[in-house]
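# Working through the structure, step by step
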Amino acid sequence: MILTGGLKSLLPPVLRRMIRCNRLSISNTSGMAEGYKQANVIILHKSLADDFEKFCHANNGPLPLLYRSKPGDWKCPSLSSDSDVRTDCLQYRIYEHGACTGTVKSLKEYSEQLKDMVTFYLGCSFSFEKAVQNTDVPIRNVEQKYNVSMYKTDVPCYSISTFCCNLVVTMRPIPENKLESAVLATSELKEAHGAPVHIGDPGLLGIKELSKPDYGDSVHLHSGDIPVFWACGVTGIEAVISCRAPLAFTHSPGCMFITDLKNDNATERSSKEVPQVYCISQDPLHYSLVSAEAAQKIKTLETLIGIDPGNRGIIHLCRQDELLKACLSLSHAQSVLITTGFPTHFTYEPPEENDGPPGALAIAAMLQALEKEVAIVTDQRAMHLNKKIIEEAVQLGILKRPVPLLSYPRESAGSPLMFLCENGNPTRPRFDHLVAIERAGMASDGNYYNARKVNIKHLVDPIDELFLAAQTIPGVTTTGVGDGGNELGMGKVKDAVKKHITNGDVIACAVEADFTVVAGVSNWGGYAIACALYLLNTCEIHDRYLRKAVGFPRLSKRTVWLSALPSVTKEEKLLQTLVKYGVRSGKTASLEMEVDGLPFYETHLPMIEKLL
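Cut-offs and rules
- Residues numbered from 1 in each chain as written.
- Predicted model: local features only at pLDDT ≥ 70, side-chain atom pairs only at ≥ 80, totals over all residues.
- Heavy atoms only, no water.
- UniProt positions renumbered as here; feature names shortened; annotations may be inferred.
- Helix = DSSP H or I, 4+ residues; strand = E, 2+ residues; numbered from the N terminus.
- Rg over C-alpha atoms; globule rule 2.2 N^0.38 Å.
- Buried < 20%, exposed > 50% of the residue type's maximum accessible area, 1.4 Å probe, protein only.
- Contact = heavy atoms within 4.5 Å.
- Areas by Shrake-Rupley, 256 points an atom, 1.4 Å probe, with all protein chains shown as cover.
- Lys, Arg positive; Asp, Glu negative; His and termini not counted.
- Charge placed at Lys NZ, Arg CZ, Asp CG, Glu CD.
- Polar contact = N/O pair within 3.5 Å; in protein donor to acceptor, adjacent residues only side chain to side chain.
- Domains from an automatic or database assignment.
- Buried area = accessible area lost by both parts, 1.4 Å probe.
- Salt bridge = Lys/Arg side-chain N within 4 Å of Asp/Glu carboxyl O.
- Nonpolar A, V, L, I, M, F, W, Y, C, P; charged D, E, K, R; others polar.
- Axes fitted to C-alpha atoms, helices over the stretch in contact; angles between N-to-C directions.
- Parallel < 35°, antiparallel > 145°, perpendicular 65-115°, else oblique.
- Left-handed = near helix turned anticlockwise from the far one by under 90°.
- Pairing = 2+ DSSP bridges.
- Core = buried A, V, L, I, M, F, W, Y, C linked by side-chain atoms within 4.5 Å.

Going by what an unreviewed UniProt entry lists, the protein chain is known as D-glutamate cyclase, mitochondrial and is assigned to Upupa epops. The annotation that UniProt attaches to the protein chain under Function (unreviewed entry) is "D-glutamate cyclase that converts D-glutamate to 5-oxo-D-proline." Its UniProt record, at the heading Sequence similarities (unreviewed entry), says of the protein chain: "Belongs to the D-glutamate cyclase family."

Set out below in structure tokens:
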């Protein structure tokens with residue numbers, strides 16, 4: 001027997017001959033023939049072959065098709081010379097009617113049955129291990145001389161005919177400071193599954209225990225390691241199980257077919273093709289991917305909305321990349337709760353200003369277009385006004401359909417959890433993201449103040465409590481949008497508000513949000529969020545990450561998303577609606593604030609449109 005030490009540098013034909021002659025003392029091919037492509041093997045009756053090929057194309061993240069043989073053909077000339085699929089994997093599995101009935105070292109005894117069967121060679125993540133190591137990123141399973149860990153997830157693949165199963169993933173622990181290197185190294189190796197499909201908490205994929213993989217070995221995470229998950233070709237085995245074919249063969253997980261093909265050399269990529277990694281949640285730990293191009297456009301949006309027409313010093317409140325991270329989190333969300341309403345005109349009826357509702361509806365419109373659940377919560381006294389505004393927004397075509405309108409009736413200390421979660425159970429939240437835009441925020445003394453230090457607490461329902469409660473619910477993230485520091489969610493920058501904003505020592509909101517989007521006028525922040533969500537969902541890298549590399553790109557819905565974007569015409573009509581219902585401009589934060597002599601939405605929305 002030959003031990004593993006010298007196998008990394010052996011050429012594939014030599015390794016295949018050794019495997020064929022049963023001369024290797026290894027249990028898997030991870031780390032073998034460094035730099036060469038390895039393949040999963042699926043062998044099915046020819047009557048199933050066309051449907052399985054369609055299944056592969058529909059789920060090309062886990063099932064990148066390298067080669068499909070003709071019936072009874074045991075060779076694959078485009079992948080290797082002098083190979084025989086009956087003998088050149090370390091071990092095979094036999095499946096009968098969806099059940100594994102045994103493992104064998106050779107399929108030669110099934111040669112007669114194989115004459116009517118087709119072999120599929122599918123890309124494998126072992127192929128990218130050397131490319132990752134070349135960027136000084138450790139491969140823990142190779143270090144520990146283990147097979148890679150493989151897990152079934154709760155992510156459904158796109159079904160074709162009888163092939164219906166969930167995604168299988170591999171997990172490799174990656175040091176946090178090397179995440180982007182690992183993503184960059186693998187993203188262009190699409191025939192080896194490409195970029196990761198998930199980074200962070202395994203529970204978000206439905207994986208209960210990392211120490212108990214469904215296939216392969218349990219790999220130890222070092223301190224500072226983050227679990228990173230790639231789509232896995234063992235998804236093909238799950239598909240074989242699902243179709244319940246009378247007879248099928250596969251490689252045993254980790255016992256791959258080694259090809260003669262080298263991994264493609266790295267090529268120069270455009271910013272559209274270069275992924276970047278951002279952390280969007282600590283509990284549960286969750287990272288997201290976006291292209292460098294889309295990220296830069298969103299950073300430009302952040303700069304555009306950060307203009308300070310009132311010269312109030314908001315530049316001191318701005319935090320870099322908050323818009324990008326907030327929108328990445330919103331892009332992953334399924335159900336979003338929005339709140340707005342700042343009764344700054346406390347001596348009038350209604351006391352609301354027109355900063356807030358237009359931005360809130362711009363966000364809601366894009367969330368609807370992205371097929372997410374969205375609701376708005378506001379003060380009980382303002383329910384009728386907001387109902388009318390929403391109805392007109394539907395008639396004007398700003399909203400696709402009415403947004404459910406809620407109020408928060410605080411009855412006890414448990415009210416926030418009862419409102420946010422089913423039966424008050426924090427493991428069953430109704431919303432996974434809360435957004436406050438130009439919403440009066442509670443100061444450190446428990447009161448609510450407008451910019452002139454007037455206490456307006458009597459006009460404000462304690463919706464802040466929902467944001468405070470959200471901090472205790474895993475998986476619920478919050479965003480605050482503001483322009484003066486006294487808005488809900490601005491607690492994250494309260495020290496800067498107290499130092500740089502007039503009356504900040506009194507009016508500063510004490511309630512934090514996970515992400516704080518600061519704008520010259522809060523509505524601008526709402527427009528930017530809507531536009532950033534569009535940019536993210538038209539980004540191929542982010543789209544692939546959202547759908548976990550299964551199914552087809554959602555870019556065909558681009559026209560629907562485009563129609564949901566804010567525009568000068570929409571905002572002018574909405575402003576007229578607000579005036580009709582008696583809503584006034586804010587004294588220091590008016591939607592009509594001018595830049596170069598024109599309202600912001602006339603000067604900057606066209607600039608934003610150019611980014612899209």
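That shown, we press on.
On to the overall build of the protein chain, then. Within the protein chain, the secondary structure is distributed over 20 helices and 21 strands. Here the C-alpha radius of gyration of the protein chain, 28 Å, is about what a compact globule of 612 residues would show, namely 25 Å. Buried residues in the protein chain amount to 59% of all 612 residues. Residue pairs in contact within the protein chain that sit at least 24 positions apart in sequence constitute 76% of those at least 6 positions apart. Accessible surface for the protein chain amounts to roughly 23800 Å². Of this, 50% is attributable to carbon and sulfur atoms. In the protein chain, 63 positive and 68 negative side-chain charges are present, and the distance between their average locations comes to 5 Å.

Within the secondary structure layout, Ser329 lies in helix α9 (residues 322-332). Among the polar contacts made by the side chain of Ser329, one reaches the side chain of His433 at a distance of 3.2 Å. In this view, Ser329 contacts Ile280, His433, Thr477 and Phe515; residues no more than four positions away in its chain are not counted.

For the protein chain, the domain assignment lists domain 1 (8-262) and domain 2 (275-611). Centre-to-centre separation of domain 1 and domain 2, based on C-alpha positions: 44 Å. Taken together, the contact pairs 29 residues of domain 1 with 15 residues of domain 2. A per-residue breakdown of the area domain 1 buries against domain 2 is headed by Glu180, Val197 and Ile199, which together make up 27% of the total. Inspection of the domain 1/domain 2 interface yields 0 salt bridges. For the pair domain 1 and domain 2, the interface holds 10 residue pairs in polar contact (both at pLDDT 80 or more). The greatest single-element share of the side of domain 1 that touches domain 2, amounting to 5 residues, is contributed by helix α6 (residues 179-187). For the side of domain 1 that touches domain 2, the class distribution of residues is 17 nonpolar, 9 polar and 3 charged.

By the element assignment, Arg20 lies in helix α1 (residues 12-20). Judged by its relative accessible area of 30%, Arg20 is partly exposed. Sequence separation of Arg20 and Leu90 is 70 residues, and the distance between their C-alpha atoms is 8.0 Å. Excluding residues within four positions of it along the chain, Arg20 makes contact with Asp82, Ser83, Asp84, Thr87 and Asp88.

Before going further, it helps to examine unusual backbone geometry. Going from Asp283 to Pro284, the amide bond is cis rather than trans, its omega being 0°. With an omega of 0°, the peptide bond between Glu349 and Pro350 qualifies as cis. Note on placement: Pro350 falls in the loop between β14 (335-341) and α10 (357-369). The backbone phi angle of Ser161 is positive, close to 55°, even though this residue is not glycine. Inspection of the secondary structure assignment puts Ser161 in the loop between β6 (149-156) and β7 (166-175). Look at Ser161 and you get exposed, because its relative accessible area is 56%. One non-glycine residue, Arg244, lies in the positive phi region at around 55°. Position of Arg244 relative to the elements: it lies in the loop between α7 (235-243) and β10 (248-251).

What follows is about the packing of helix α8 (residues 292-305) against α9. Close contact between α8 and α9 brings their axes to 8 Å; oriented N to C, the two are set at 120°. Classified by the angle between their axes, α8 and α9 sit oblique to one another. Read as a crossing pair, α8 and α9 show a hand that is right-handed. Seen from α8, the contacting residues are Ala295, Ile298, Lys299, Leu301 and Glu302; seen from α9, they are Glu322, Leu323 and Leu324.

Residue placement: Gly203 occurs in the loop between β8 (198-200) and β9 (225-231). Taking the C-alpha atoms as reference, Gly203 lies 9.2 Å from Thr153; in sequence the two are 50 residues apart.

Right, let's get into the sheet that holds β7. In space, the 6 strands of this open sheet follow the order β6-β7-β9-β8-β13-β12, with antiparallel pairing throughout. Both edges of this open sheet fall to β6 and β12 (275-282), since each of them pairs with a single strand only. Each strand of the sheet is rotated relative to its neighbour by a mean of 35°, with strand direction disregarded. Across 7 bridges, the pairing between β12 and strand β13 (residues 285-291) is antiparallel. Paired with Gln276 across the bridge in β13 is Val290. Lying on the sheet, α8 is in contact with β12 and β13; it crosses β13 at an angle near 95°.

Taking strand neighbours across the sheet as the criterion, the 6 strands line up as β16-β15-β14-β17-β18-β19 in an open arrangement whose pairing is parallel. Each having just a single partner strand, β16 (405-407) and β19 (515-518) make up the two edges of the open sheet. Averaged over neighbouring strand pairs, the angle between their axes works out to 25° when direction is ignored. The pairing of strand β18 (residues 477-482) with β19 spans 4 bridges and is parallel. Across the sheet, residue Val481 finds its bridge partner in β19, namely Val517. Helix α16 (residues 522-537) contacts β17 (433-439), β18 and β19 of the sheet and is inclined by roughly 135° relative to β18.

Core analysis: the largest hydrophobic core is formed by 86 residues, its most contacted members being Ile199, Ile338 and Met366. Considering every element that reaches this core, the biggest residue donor is α16, with 11 residues. There are two domains that each give this core at least three residues, and those are domain 1 (8-262) and domain 2 (275-611). Dropping the residues within four chain positions of it, Ile338 is found in contact with Ala360, Ile363, Ala364, Leu367, Val374, Ala375, Ile376, Val377, Val435 and Ile437. In terms of nonpolar packing, the next biggest core, distinct from the first, is built from 44 residues, Ala58, Leu167, Val234 and Ile237 among them.

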